[in-house]
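# Inside the fold
Listed below, chain by chain, are the residues.
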Amino acid sequence: GLIKQTDNGVTRAMYWENGNTTLLNALSGGTNFSVANAINDNGQIAGLSNSSAGDRATLWDGDTVIDLGSLAAASERSSVNDINNMGVMVGWSGTGQDNTSTKAVLWDSNHEIHDLSLLLSTDDPLYGIVDLHAAHAINTNGQIVGSFFDSNGERHAYLLSAVPIPPAVWLFGSGLISLIGLARRKKA
């Protein structure tokens, strides 16, 4: 499981298994702040870590710590919220975590980042109307849940589902993901 501890006042990501804990290395140049949000069956751990560029989406794969980057500026924040067993990750990228200035993103198994709003089918009811704010979870079938804000500032939930094609190809092309569900929830 994933746990965190405070080390000299700094939150650090740790991995716990069978009573043994392993402190996860942070990205270089930062404050050592890190948070592990998800782990898959292959032992890949995803979350965020502080670096010289700020809080960045991070993948811990064995002894390797990978800065997954962000959509835009080098100083833009990003975080991975979930990773599936194929190594596909979802989260957000932008200037803040809890405001409308973030975008839902997906990192494919090659660690390339994609804006989920740009992957919506052109016949999707949300195509061109809103930007998806964050992606919260992804399963092995490629289904993604997340949230967005409408023009009134109300938060809504979405469920995206990949068109059933081979897993290595399902991300490529703008028509491969379509909205199949939408639940509405008041902004907290």
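Here, every reference points to the structure presented above.
A quick note: this is a predicted structure, and the numbers were derived from the prediction, not measured.

For asparagine 18, which is not a glycine, the phi torsion comes out positive at approximately 50°. With respect to the helices and strands, asparagine 18 occurs in the loop between strand S2 (10-17) and strand S3 (20-23). Phi at histidine 111 is positive, roughly 70°, even though this residue is not glycine. Structurally, the position occupied by histidine 111 is in the loop between strand S10 (102-107) and strand S11 (113-115). Given the relative accessible area of 28%, histidine 111 is considered partly exposed.

Approximately 190 Å³ is the volume found for the largest pocket. Broken down by secondary-structure element, the contributors of at least two residues to the lining of the largest pocket are S3 and strand S7 (64-69). Looking at the lining of the largest pocket residue by residue, the classes come out as six nonpolar, five polar and one charged.

It is worth spelling out the sheet that holds strand S5 (residues 45-51) at this point. Here four strands make up an open sheet; going across it, the order is S4-S5-S6-S7 and the pairing antiparallel. Single-partner strands in this sheet number two, and they are strand S4 (34-39) and S7. Between one strand axis and the next, the sheet turns by 35° as a mean value, whatever way the strands run.

Reading the values: rules and limits
- Counting restarts for each chain, with residues numbered from 1 along the sequence as it is written.
- Predicted model: local features are reported for residues with pLDDT of at least 70 only, side-chain atom pairs are reported and counted for 80 or more only, and whole-chain, interface and lining totals are derived from all residues.
- Neither water nor hydrogens contribute to the side-chain values; these are computed over all heavy atoms in the structure.
- Numbered from the N terminus, helices here are DSSP runs of H or I no shorter than four residues, and strands are runs of E no shorter than two.
- Any residue under 20% of the maximum accessible area for its type is buried, any over 50% is exposed, and the rest in between are partly exposed; the area is computed with a 1.4 Å probe on protein chains only.
- The distinction between a cavity and a pocket rests on a 1 Å grid over the protein atoms alone: a 1.4 Å probe fits inside a cavity but cannot get out, while a pocket stays open yet meets protein on both sides within 12 Å along at least five of seven lines, and a residue with an atom within 4 Å of a point counts as lining.
- Grid points are joined across faces, edges and corners, and a volume is the space filled by probe spheres set on the points.
- Throughout, the ten residues Ala, Val, Leu, Ile, Met, Phe, Trp, Tyr, Cys and Pro are labelled nonpolar, Asp, Glu, Lys and Arg are labelled charged, and all others, Gly among them, are labelled polar.
- The rule for pairing is simple: two strands pair if DSSP sees at least two bridges between them.
- Inter-axis angles, ranging from 0 to 180 degrees, are taken between N-to-C directions of lines fitted to C-alpha atoms, where helices are fitted over the stretch in contact.

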